[in-house]
Amino acid sequence: MFDIFTDAAKRALVLAQDEAIMLGHDFVAAEHLLLGLAGTDDGLAGQVLAGQGMTAEETRRLAVGQLTADGLTAASAAEPVAALATIGIDVDDVRRRADESFGRGKFVFPRPAYVSEAKRAIERSVGEAQALGHDYVGTEHMLLGLLGADDAPGPRLVSAAGLDPAECAG
Amino acid sequence: MAADNGPAALVGQVTDKDPAVGLRAVVALRRLLDELERLHVDSARDQGWSWQGIADALQVSRQSVHEKHATRRKAQGRED
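So, how was this worked out
- Residues numbered from 1 in each chain as written.
- Chains lettered and ligands numbered in written order.
- Predicted model: local features only at pLDDT ≥ 70, side-chain atom pairs only at ≥ 80, totals over all residues.
- Heavy atoms only, no water.
- Helix = DSSP H or I, 4+ residues; strand = E, 2+ residues; numbered from the N terminus.
- Buried < 20%, exposed > 50% of the residue type's maximum accessible area, 1.4 Å probe, protein only.
- Contact = heavy atoms within 4.5 Å.
- Areas by Shrake-Rupley, 256 points an atom, 1.4 Å probe, with all protein chains shown as cover.
- Salt bridge = Lys/Arg side-chain N within 4 Å of Asp/Glu carboxyl O.
- Polar contact = N/O pair within 3.5 Å; in protein donor to acceptor, adjacent residues only side chain to side chain.
- Nonpolar A, V, L, I, M, F, W, Y, C, P; charged D, E, K, R; others polar.
- 1 Å grid on protein atoms, 1.4 Å probe; cavity = no way out; pocket = protein on both sides within 12 Å on 5 of 7 lines; lining within 4 Å.
- Points joined across faces, edges and corners; volume = space filled by probe spheres on them.

Turning our eyes to something else, we now look at the overall build of chain B. Secondary structure assignment for chain B yields four helices and zero strands. Taken from the N to the C terminus, the helices and strands of chain B come in the order α-α-α-α. A buried classification covers 30% of the 80 residues belonging to chain B. By sequence separation, contacts in chain B at least 24 residues apart represent 38% of the contacts at least 6 residues apart. Of the roughly 5300 Å² of accessible surface on chain B, a fraction of 57% belongs to carbon and sulfur atoms.

In structure tokens form, the structure reads like this:
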């Protein structure tokens, strides 16, 4: 499916995961996807968001606020590590060995998993591209995909920023 | 502190009777397994291994290893 994503869209997806890791989150949610789009400034979505005052920094501030309000905190990434410690597996030791063999940062644990809402947003972005008759999925389609669900974090964040979803779509 | 990490203490933990503790460890272990598989599959592909060769080593079908890793690697631009 991802071979039809543009380079900028792929970078936004990678950035979404990097943002989750940096924030100590165990999951990739719609908020992280929006962060990925805001941080990809050569993509159309990043330009639209920045034009509405949603720079990467501002988006991060809103996203962290939203996730915290939803009860999801930075501690979540520590839980699987603690769970493995109960059966005698020292993740830091595994990480040290993996870094030695494959280079720093290749081993990511826990690697953030997409929550179903984020998966649906990505599926919708493919649908948005098809509906427009485009044979590629760009960051603009991803933004539309994020805005597509009512009461999803994407639109809620965008509304929190005082941004009109309809205007983004236009 | 060292005594707490000895084999006897570990066996005690592995056989922790609390299902919540044990099941959490199982889920975390599965994720660790996935991460290690990803690391070694990437390494094998970068060293020129065929999907069939990787599948044989992992004792799974070529189709299942390809489904799991080829799409992801394409998305990362690491596979034609």
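At the junction of the two partners, chain A supplies 24 residues and chain B supplies 19 residues. Where chain A meets chain B, there are two salt bridges. Here chain A and chain B share four residue pairs in polar contact (both at pLDDT 80 or more) between them. Those elements that place two or more of their residues in the side of chain A that touches chain B are helix 5 (78–85) and helix 6 (91–102) of chain A. Looking at which element gives the most residues to the side of chain A that touches chain B, the answer is helix 5 of chain A, with four residues. In the side of chain A that touches chain B, the residues fall into 17 nonpolar, two polar and five charged.

To continue, consider the layout of surface pockets. In this structure, the largest pocket encloses a volume near 1400 Å³. When residues of the lining of the largest pocket are assigned to their parent elements, the largest contribution, eight residues, is made by helix 2 (residues 19–46) of chain B. Along the lines of polarity and charge, the residues of the lining of the largest pocket split into 14 nonpolar, six polar and 16 charged. Taken as a whole, the second largest pocket holds about 190 Å³ of empty space. Along its surface, the second largest pocket is lined by 14 residues, and A:I21, A:R95, A:V108, A:F109 and A:P110 are the ones closest to its centre. Where the lining of the second largest pocket is concerned, the elements lending two or more residues are helix 1 (7–22) and helix 6 of chain A. Broken down by class, the residue content of the lining of the second largest pocket amounts to eight nonpolar, three polar and three charged.

Okay, unusual backbone geometry next. Geometrically, the link from A:F109 to A:P110 is a cis peptide bond, its omega value of -5° lying close to zero. Mapped onto the fold, A:P110 is located in the loop between helix 6 and strand 2 (113–114). The phi torsion at B:Q59 lies on the positive side, around 60°, for a residue other than glycine. Note that B:Q59 resides in the loop between helix 3 (51–58) and helix 4 (62–75).

This next bit is on the pattern of salt bridges. All chains considered together, the criterion is met by 15 salt bridges over all chains. With its nearest N and O atoms 2.4 Å apart, the salt bridge here joins A:D42 to A:R11. Here A:R11 lies in helix 1 and A:D42 lies in the loop between helix 2 (30–39) and helix 3 (44–51), a separation of 31 residues in the sequence. Across the pair A:D26 and B:R31 runs a salt bridge whose closest N-O atoms are separated by 2.7 Å. One end of the pair, A:D26, is in the loop between helix 1 and strand 1 (27–28); the other, B:R31, is in helix 2, on a second chain. The buried category is assigned to A:D26, whose relative accessible area is 15%.

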